[in-house]
Amino acid sequence: MKINQSILKKYFESYWDSIKKLRVKYNIVIRKFRNQNPQAFIYLASTLIGIIGGISAVILKNLVSLTEELIYHNKNFNFNYWTIFFPTIGIILTVIFIKYWVKLDISHGVEKVLSAISKKRSIIDKKNTYSSIIASCLTIGFGGSVGTEAPIVYTGAAIGSNIAQEFKLNLKLRTLFIACGCSAAIAGIFKAPIAAIIFSLEVIMIDLSMWSLIPILISSTTGALISYFLLGDNISFYFAIFEPFDKSKIPYYIILGVICGFFSLYFIKIGRLIEKKFSTSKSIYLKAILGGLAVGILIFIFPPLFGEGYIGLQHLMSSHPESIAKNSFFYILRENDYFLILFLVGILFIKVVASSFTTSSGGIGGVFAPALFTGGILGFVFTKIINLTSFTKLSEHNFTLVGMAGVMAGIMHAPMTSIFLIAEITGGYSLLFPLIITSTIAYLVKYHFDKHSVYTYNLKRNNEMITHNKDKEAIRRMNIKNLIEKNFVKISLSLSFSEFINEIIPSSSKKFFIVEDSDQKFKGYIILDDLINILLHKERYDSLHIVDLITQPSECISLLDDNETIFRVFDKSKSLYLPVVENDQFIGMLSKSKLLDNYRKLIVDFSED
């Protein structure tokens, strides 16, 4: 039967018109509801974000597990020489997916969220609502030694941002919905709604107020409930056995906090070093191959480095912690306590390298899981060494869990998130005091030697840091380059005064004239208002030269200056305008009034409900 193409075309056009009309009606209803019930609208949108964020977290967890099952565990698969190549395949597939489909940089998910809030007015591309899920599934499912948390945070943030964009909401609500998406995602991954809320306040740096807290609470609770419904009631470390808090062990928790702080410093420094080394290579495929092979070899020697590492932590907190060495060459020595300590110390330091190789070579993943994994091993090894001395008896389970919080607090500069995350994923708050002690000390030690977390180091270098201080945040978000005025008449230093008066001034509407030498280097400017007295005495024209009329600026601005520096320069100079000069070349002029006007608009954006 032959189909009439014109009838088919009309049918589809009619169908599409119906969809567009329905969408218009839907937008009118939503807009009316939003205007009449703004608070109810925010709460309903937060619930929607929580549902989608929770579902996304479940999808990611299941996809990673399914990929691992298909690649590694089918037919009782054991680690062998072929294992070396699987991480490379996963990273190459990730790189190809990003290069030819996503076409965006989606690495360092939490950094990207902070950067979007700081520099992109909380706007995140629609592709990020799914791209990080697929990319991290390929990376981690094939053995990449990273975690799923940063990708799902980026996914949740993109969901929140795009829902806000769909409803055409202002900057303040877009930023709030990003925080809602992040909270929903974290709560869905860990089933830890309180830690998810604190993460948004502590890491995403959302202002703490009832206005912002209630929507974030709704989203995080909804995300956690979705995870409970779809994945069951079990929490991550439900089997962990605690011993009662013993006040006499406080000195050991303090010592562990100091050690966690120094290890966090090692974690950060090694990660930056490896990333810097890989950044020198221009070939994305060469980086993927080298990094993937390095990770594969390390996993082959130390199988617990595979993936997120949570299975290894479960081994440590079981009745047979030596089972963490299963599938390794060293398994035959598992009964020897000293061997187990050496094996774990090797994993402790090499996990940082494997994780950095994975992300620096093009893989997508975060440091949440590596931080928890290394922290758990650090706490276990610390306890094992103390117990072997027979000086006292420490709980291996307690110190393993507290070590997880300590390293996470140091790396992320988020002690509150670390404290409540460990409390929630273990099903209770029995370790609250040890968690507070160790996490706080680890953070303080790390902060003393390095002021930037794993998320803020690059942001600070690129002037993309965000802050709770609205004044500073408004200044940092300003795109000052767009405020530079460039439409100025340039005159040569060799120009005669008569030519300047008779030819240049009549043909220009500007009061500023930029003076350059023969090499086009900036020498200063002439302000027309300053020439009034001279213009009245024509007999002086022949004796004057351009160099006699030049005004030297009290300060100059460089394109390399950050926004706060530019404001300080204006305050210092007391000038209403300053030239922007780079390599002695005039770029343009900045007006203080334009800066302040733009600043006021940003403050209004922040304050608008």
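Residues numbered from 1 in each chain as written. Predicted model: local features only at pLDDT ≥ 70, side-chain atom pairs only at ≥ 80, totals over all residues. Heavy atoms only, no water.

(A) A look at the pairing of strand β3 (residues 522–527). Of all six residues in β3, five are buried; the element is thus mostly enclosed. Where strand β2 (residues 512–516) meets β3, five bridges bridge the pair, whose relative direction is antiparallel. Along β3, the bridge assignment pairs Ile514 with Tyr525. The loop that links β2 with its antiparallel partner β3 comprises five residues; one of these, Gln520, has a positive phi angle of about 60°. (Buried < 20%, exposed > 50% of the residue type's maximum accessible area, 1.4 Å probe, protein only. Helix = DSSP H or I, 4+ residues; strand = E, 2+ residues; numbered from the N terminus. Pairing = 2+ DSSP bridges.)

(B) Summary view of the packing of helix α13 (residues 337–360) against helix α14 (residues 368–388). Remark: α13 packs on α14, axes separated minimally by 10 Å, with the N-to-C direction vectors making an angle of 155°. Taken together, the axes of α13 and α14 are roughly antiparallel relative to one another. Every pair of crossing elements has a handedness; the one defined by α13 and α14 is left-handed. Contacts between α13 and α14 involve Asp337, Tyr338, Leu340, Ile341, Leu344, Val345, Ile347, Leu348, Lys351 and Ser355 from the first element and Pro370, Phe373, Thr374, Ile377, Leu378, Phe380, Val381, Lys384, Ile385 and Leu388 from the second. (Axes fitted to C-alpha atoms, helices over the stretch in contact; angles between N-to-C directions. Parallel < 35°, antiparallel > 145°, perpendicular 65-115°, else oblique. Left-handed = near helix turned anticlockwise from the far one by under 90°. Contact = heavy atoms within 4.5 Å.)

(C) Geometry of the packing of aromatic side chains. Counted under the stated rule, the structure contains 15 aromatic pairs. Arranged with centres 5.8 Å apart and planes meeting at 70°, the rings of Phe263 and Phe349 form a pair that is edge-to-face. Here Phe349 lies in helix α13 and Phe263 lies in helix α10 (residues 250–279), a separation of 86 residues in the sequence. Taking the centre distance of 5.6 Å and the plane angle of 25° together, the rings of Phe522 and Phe586 count as stacked. Here Phe522 is found in strand β3, whereas its partner Phe586 is found in strand β5 (residues 585–591), with 64 residues between them in sequence. Each member of the pair, Phe522 together with Phe586, is buried. Above the plane of the ring of Tyr100 lies Lys99, whose end atom (NZ or CZ) is 5.5 Å from the centre. One residue, Lys351, lies across the ring of Phe373, its end atom 5.0 Å from the ring centre. (Phe/Tyr/Trp six-rings, centres within 6.5 Å; stacked < 30°, edge-to-face > 60°. Lys NZ or Arg CZ within 6 Å of the ring centre and 35° of its normal.)

(D) Expanded view of the sheet that holds β2. Reading across from one edge, β1-β2-β3 is the order of the three strands in this open sheet, with mixed pairing throughout. The two strands at the open ends of the sheet, each matched to only one other strand, are β1 (489–492) and β3. On average, adjacent strands in this sheet sit at an angle of 35° to one another, irrespective of strand direction. Where helix α20 (residues 497–504) meets the sheet, its contacts fall on β1, β2 and β3, and the angle it forms with β1 comes to roughly 155°.

(E) Region of the structure containing unusual backbone geometry. With phi around 55°, His413 is a residue other than glycine that occupies positive phi space. Summarising the element assignment, His413 is placed in the loop between α15 (396–412) and α16 (415–425). Residue classification places His413 among the buried positions, given a relative accessible area of 14%. Notably, Asn583 is not glycine yet its phi reads approximately 55°, a positive angle. Inspection of the secondary structure puts Asn583 in the loop between β4 (577–582) and β5.

(F) Region of interest: a nonpolar patch on the surface. Residues Leu48, Ile51, Ile52, Ile55, Ile59, Leu63, Leu66, Leu70, Leu225, Phe229, Leu230 and Leu231 make up a contiguous nonpolar surface patch of roughly 1000 Å² in combined accessible area. Residue assignment for the nonpolar patch shows that the elements contributing at least two residues are α2 (38–73) and α9 (210–231). With eight residues, α2 is the single largest residue contributor to the nonpolar patch. As for its placement among the helices and strands, Leu48 is situated in helix α2. (Patch = residues over 30% accessible without salt bridge, like charges linked within 9 Å, V, L, I, M, F, W, Y side chains within 5 Å. Areas by Shrake-Rupley, 256 points an atom, 1.4 Å probe, with all protein chains shown as cover. Salt bridge = Lys/Arg side-chain N within 4 Å of Asp/Glu carboxyl O.)

(G) Looking closely at the pattern of salt bridges. Inspection of every chain in the model, using the stated rule, returns six salt bridges. A salt bridge links Lys112 to Asp105; the shortest N-O distance between them is 3.2 Å. Each member of the salt-bridge network shares a partner with another, and the members are Arg272, Lys446 and Asp450.

(H) Looking closely at the packing of helix α11 (residues 284–301) against α13. The contact between α11 and α13 brings their axes to 8 Å, and the two run at 155°. Classed by the angle they form, the pair α11 and α13 counts as roughly antiparallel. Relative to α13, the crossing made by α11 is left-handed. In this structure, α11 uses Lys287, Gly291, Ala294, Val295 and Leu298 to contact α13, whose residues at the interface are Ile350, Val353, Ala354, Phe357, Thr358 and Ser360.

(I) Fine view of the side chain of Asn387. Considering the arrangement of structural elements, one finds Asn387 in helix α14. Classification of Asn387 as buried rests on a relative accessible area of 14%. At a separation of 2.8 Å, a polar atom in the side chain of Asn387 contacts the main-chain amide nitrogen of Leu394. Apart from residues lying up to four places away in sequence, Asn387 is in contact with Thr392, Lys393, Leu394 and Glu396. (Polar contact = N/O pair within 3.5 Å; in protein donor to acceptor, adjacent residues only side chain to side chain.)

(J) Examining the state of the cysteines more closely. A complete count under the given rule lists zero disulfides for this structure. Here Cys182 stays unpaired: no disulfide links it, and the sulfur of Cys180, its closest cysteine neighbor, is 9.3 Å away. (Disulfide = S-S within 2.5 Å.)

(K) Representation of the nonpolar core within the structure. Residues Phe190, Phe199 and Leu344 are the most contacted members of the largest nonpolar core, which totals 127 residues. Here Phe190 is in contact with Glu149, Tyr310, Phe368, Leu372, Leu421 and Ile425, once residues within four sequence places are set aside. Within the second largest apolar cluster, 16 residues are counted, among which are Leu495, Phe500, Ile501 and Ile546. (Core = buried A, V, L, I, M, F, W, Y, C linked by side-chain atoms within 4.5 Å.)

(L) Up close: the side chain of Ser132. Position of Ser132 among the secondary structure elements: in helix α5 (residues 131–141). The residues touching Ser132, leaving out its near neighbours within four places in the chain, are Ile106, Pro151, Tyr154, Thr155 and Ile364.

(M) Broad picture of the pairing of β2. Across the five residues of β2, five count as buried, placing the element largely inside the fold. Across the two faces of β2 the burial is the same, with Phe512, Ile514 and Glu516 and Phe513 and Val515 all buried. Strand direction decides the pairing type here: β1 and β2, joined by four bridges, are parallel. Paired with Lys490 across the bridge in β2 is Ile514. With α20 bridging β1 and its parallel neighbour β2, the resulting β-α-β unit is right-handed. (Right-handed = clockwise from strand over helix to strand, strands pointing away.)

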